[in-house]
Amino acid sequence: MVDDVFDEVGLKVEDLHASYGAVEVLRGLNFEVAAKGVSVILGANGAGKTTTLRAICNMCSTSGKVTLGEEDITRTGTAEIVRRGVAHVPQGRGTFPELSTMDNLMIGAYTRKDGEVRDDVERWFEIFPRLAERQDQLAGSLSGGEQQMLAVARALMCRPRLLLLDEPSLGLAPLIIEDLFERFGTLNKETGLTMLIVEQNANLALEMADYGYVIESGEITLSGSADQLRNDPAVQEAYLGA
Amino acid sequence: MNWNFDVLPDFIFNGLSLGAIYGAVALSLVLIFKATTLINFATGELAMLGAFLVYVLHMEQGIWLWLSMAIAMGLSAGLGVLIERTLTRPFDPEDHLPVVLITLGLFLIINAVAGDIWNYQVRILTNPFGKFPDWVPSLGGDRYVEVLGSRLKYQSIGIWLTLALALFALSLILNKTKAGLAFRAVSSNVESARLVGVHTGRTLGFGWAIASAFGTLGAVLVAPQLGGVNPNMMATILIYALAGAALGGLDSQGGAVLGGILVGLIQAVLVTWGGVVVFGQLYMSILQLAAAFLIILIVLLFRPAGLFGTRRVERV
Ligand SMILES: Nc1ncnc2c1ncn2[C@@H]1O[C@H](COP(=O)(O)OP(=O)(O)O)[C@@H](O)[C@H]1O
Ligand SMILES: [Mg+2]
């Protein structure tokens, strides 16, 4: 059953700092993602969205505290964080271009030892039928939208408890973005999978999110329910193109 | 000038069997390059060390040749893992210079140590394919079959069959096992591999293991053509293998094997068979090396990705 695939777990980030060399990029972030919820972090180019997701997965030097459910994962290695149930779809999708679509999905299940990997492949093929059609094709030959679907399906193959999406709309045509976000919404509703999405494209993100944050120059400058943010004049001007 | 077409098939057979060995060593280079974009200059010396292990196990300890080869390949693989773990993993994978210097250092150290232990004389190592086994019906002699009026040596046939088998085993490991899938993933995109929970260090160690075992196989197969093993046996072969890898494409495994075979053919036919008519016997070895450098130069100038590769070689 789709709805018992994922455990429910929330994420809590406290006073998160991150820097590249001497340059501090995140300057003390505090935010939460409720279990089963969808949170979105909005921010312009260079605001620190990608770094935030990388910091959660311990992929850059950080200080502060990151808690997944009850577990402190601040000092946990990236591969181990994945094993604890965090799936990260990086900016630019991060598929394996020289591997087939099927192999991309199979490597997504690398951490699993149960015998239900094939069932999950079938499950995500149902949600993303285009991937089923292209299962033997090299991922590098897929279109941008298909690659984004593949990146998400691959992330789901590890049966995550938390899905991190880094600008899934980047470089995709509006219709495809709409379709993609609809699938994300369905996924969250049907499975209760907790999601954290960072986006510049605020419209669709706020539509499916429960809660949102705005990040500017490495600091959270605004937060509130998705509805509050949608109606906020500053957000409308900066991120909704109103 | 006197072009002797009667002996041409001999040269072609020879080129194809030497080329297959260049291909094996080129594959060893490419396995590591594809995963790390590093050229492991110690590839040849590690292979030489493996051949000496076979020498010790088989010639000195009297262990069955094929068992000695299996043990030596296993030990080479272990050494590969050890080198990855201790000498390359501590360094930033983005910064190539330290690790390239380390592999160059390994090259010199392994060569010096081998020279110290075994000195630089050529030592005979049993040819695994000296004579046809008894159960093979005679098709000419006990060391060759007649093809096109020339002698196709059992040794060449043996080399081709062994490498074909090894390549088949490699493709099974890479395509049908979880570790192989992880290795291909790391080779394709290290960061994403980490993001699906692959331990990239361990996986690279696995690649070093396979690459080292392959190199050892190549060195053992080439030894009889060199009269035996000696610490300098792989020096020129590494250059030909590099030429083969550059020609085939440094990130293409199949390309490396084909590139190695092409280099062997070019060497045998253009240089040894044709060159001798034009330039005379005296310049043979220098011409062979020059041809290898020429191949590398031409490929880098006109087709940096090689015949079958995708990635340009930007730096070493
Ligand atoms: N690898 C890096 N080295 C140095 N600075 C970086 C690196 N990656 C990002 N930055 C800087 O950190 C800031 C935040 O970047 P990023 O998190 O990628 O922003 P966003 O994802 O919101 O566009 C930017 O000013 C960017 O220039
Ligand atoms: Mg970004």
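Residues numbered from 1 in each chain as written. Chains lettered and ligands numbered in written order. Predicted model: local features only at pLDDT ≥ 70, side-chain atom pairs only at ≥ 80, totals over all residues. Heavy atoms only, no water.

Enquirer: I would appreciate a short explanation of the overall build of chain B in the present structure.
Expert: Within chain B, the regular secondary structure consists of eleven helices and two strands. Going from the N terminus to the C terminus, chain B shows its helices and strands as α-α-α-α-β-β-α-α-α-α-α-α-α. Counting only C-alpha atoms, chain B reaches 60 × 50 × 40 Å along its principal axes. When each of the 316 residues of chain B is scored for burial, the buried share is 52%. Relative to all contacts within chain B whose residues are 6 or more apart in sequence, the contacts with residues 24 or more apart total 74%. As displayed, chain B offers around 14400 Å² of accessible surface, 68% of which is attributable to carbon and sulfur atoms. (Helix = DSSP H or I, 4+ residues; strand = E, 2+ residues; numbered from the N terminus. Buried < 20%, exposed > 50% of the residue type's maximum accessible area, 1.4 Å probe, protein only. Contact = heavy atoms within 4.5 Å. Areas by Shrake-Rupley, 256 points an atom, 1.4 Å probe, with all protein chains shown as cover.)

Enquirer: What should I look at first to understand helix 6 (residues 144-156) of chain A in this one?
Expert: Because an α-helix packs 3.6 residues into every turn, residues spaced three or four apart end up facing the same way. Residues and elements named next belong to chain A. In this model, helix 6 (13 residues) spans 18 Å end to end at C-alpha, consistent with the 18 Å of a helix rising 1.5 Å per residue. Taken across its 13 residues, helix 6 has twelve buried, putting it largely inside the fold. For helix 6, the complete set of buried residues consists of G145, E146, Q147, Q148, M149, L150, A151, V152, A153, R154, A155 and L156. (Expected span 1.5 Å × (residues − 1).)

Enquirer: Help me understand the interface of chain B and chain A, please; the structure alone is not making it clear to me.
Expert: Often, the extent of an interface is quoted as the loss of accessible area upon association of its parts. The interface is formed by 17 residues belonging to chain B together with 23 residues belonging to chain A. Across the chain B to chain A interface the summed buried area is about 1800 Å²; carbon plus sulfur atoms make up 61%. At the boundary of chain B with chain A, the tally comes to three salt bridges. The residue D103(A) makes a salt bridge to R184(B) at a minimum N-O spacing of 3.0 Å. (Buried area = accessible area lost by both parts, 1.4 Å probe. Salt bridge = Lys/Arg side-chain N within 4 Å of Asp/Glu carboxyl O.)

Enquirer: Which parts of the structure should I look at to understand the side chain of S17(B)?
Expert: Residue and element names in this part refer to chain B. By the secondary structure assignment, S17 is in helix 1 (residues 8-36). Residue classification places S17 among the buried positions, given a relative accessible area of 1%. Look past the residues within four positions of S17 in its chain and what remains in contact with it is S156, I159, W160 and Q225.

Enquirer: How do you make sense of the site of ligand 1 when you look at a structure like this?
Expert: Residue and element names in this part refer to chain A. Around ligand 1 lies a shell formed by Y20, V25, A44, N45, G46, A47, G48, K49, T50, T51 and Q91. Within the side chain of N45, a nitrogen or oxygen atom sits 3.3 Å from an oxygen atom of ligand 1. A distance of 2.4 Å separates an oxygen atom of ligand 1 from a polar side-chain atom of T51. Protein burial of ligand 1: of its 560 Å² of free accessible surface, 56% is covered by the chains. The biggest single contributor to the shell around ligand 1 is helix 1 (residues 49-56), with three residues. Of the residues contributing to the shell around ligand 1, the split by class is four nonpolar, six polar and one charged. (Near = heavy atom within 4 Å. Polar contact = N/O pair within 3.5 Å; in protein donor to acceptor, adjacent residues only side chain to side chain. Nonpolar A, V, L, I, M, F, W, Y, C, P; charged D, E, K, R; others polar.)

Enquirer: What's the story with the sheet that holds strand 9 (residues 211-216) of chain A in this structure? I'm lost.
Expert: The strands making up a sheet associate through hydrogen bonds between their backbones, and the pairing can be parallel or antiparallel. Residue and element names in this part refer to chain A. Pairing is mixed in the open sheet, where six strands are placed in the order 6-7-8-3-9-10. Of all strands in the sheet, those with a lone pairing partner are strand 6 (86-89) and strand 10 (219-225), marking the two edges. Pairwise comparison of adjacent strand axes, ignoring direction, gives a mean angle of 15 degrees for this sheet. Pairing of strand 6 with strand 7 (residues 162-166) involves four bridges; the strand directions are parallel. What sits directly across from A87, in strand 7, is L163. (Pairing = 2+ DSSP bridges. Axes fitted to C-alpha atoms, helices over the stretch in contact; angles between N-to-C directions.)

Enquirer: How should the coordination of the magnesium ion (ligand 2) be read in this particular structure?
Expert: Six octahedral donors around a metal ideally subtend angles of 90 or 180 degrees, whereas four tetrahedral donors ideally subtend 109.5 degrees. Residues and elements named next belong to chain A. Within the protein, the magnesium ion (ligand 2) binds to T50 (OG1) and Q91 (OE1); these donor distances fall in the range 2.0 Å. One end of the pair, T50, is in helix 1; the other, Q91, is in the loop between strand 6 and helix 3 (101-108), and 41 residues separate them in sequence. Under the relative-accessibility criterion, Q91 is labelled partly exposed at 37%. (Donors = N, O, S within 2.8 Å, 3.2 Å for Na, K, Ca; no water.)

Enquirer: What is the right way to look at the pairing of strand 9 of chain A in this model?
Expert: Each regular strand displays side chains that alternate between the two surfaces of the sheet. All names here are of chain A. Here five bridges tie strand 3 (residues 38-43) to strand 9, and the two strands are oriented parallel to one another. Pairing of L42 across the sheet is with V214, part of strand 9. As paired strands, strand 9 and strand 10 are joined by six bridges and run antiparallel to one another. Looking at strand 10, one finds that Y211 is bridged to S225.

Enquirer: What should I look at first to understand the confidence of the model for chain A in this one?
Expert: Reading predicted coordinates in detail is not appropriate for stretches of low pLDDT. Confidence in the prediction for chain A averages 91 pLDDT; 96% of positions are at 70 or higher. When the elements of chain A are averaged for pLDDT, helix 10 (residues 233-239) of chain A gives the smallest value, 85, and helix 3 of chain A the largest, 97. (pLDDT = per-residue confidence, 0-100.)

Enquirer: Honestly, the nonpolar core in this entry has me stumped. Any pointers?
Expert: Most often, soluble globular proteins keep nonpolar side chains buried together rather than apart. I107(A), L31(B), V198(B), V229(B), M233(B) and M234(B) are the most contacted members of the largest nonpolar core, which totals 84 residues. Once residues within four sequence positions are removed from consideration, I107(A) is found in contact with F96(A), R154(A), L181(B), A182(B), A185(B), V196(B) and V198(B). Core analysis: the next-biggest nonpolar cluster, separate from the first, contains 48 residues, L142(A), A153(A), L163(A) and L206(A) among them. (Core = buried A, V, L, I, M, F, W, Y, C linked by side-chain atoms within 4.5 Å.)

Enquirer: Would you take a moment to explain the packing of aromatic side chains for this structure?
Expert: Any two aromatic rings considered together are summarised by their centre-to-centre distance and by the angle between their planes. All chains considered together, the criterion is met by eleven aromatic pairs over all chains. Their ring planes at 90 degrees and their centres at 5.5 Å tell us that F129(B) and Y154(B) sit as a pair that is edge-to-face. Here F129(B) is found in the loop between helix 4 (96-118) and strand 1 (144-147), whereas its partner Y154(B) is found in helix 5 (residues 154-176), with 25 residues between them in sequence. Each member of the aromatic cluster is reached from another via a ring pair, and the members are W66(B), F129(B), F132(B) and Y154(B). Here the guanidinium or amino end of K178(B) rests over the ring plane of Y110(A), the centre of that ring lying 5.4 Å away. (Phe/Tyr/Trp six-rings, centres within 6.5 Å; stacked < 30°, edge-to-face > 60°. Lys NZ or Arg CZ within 6 Å of the ring centre and 35° of its normal.)

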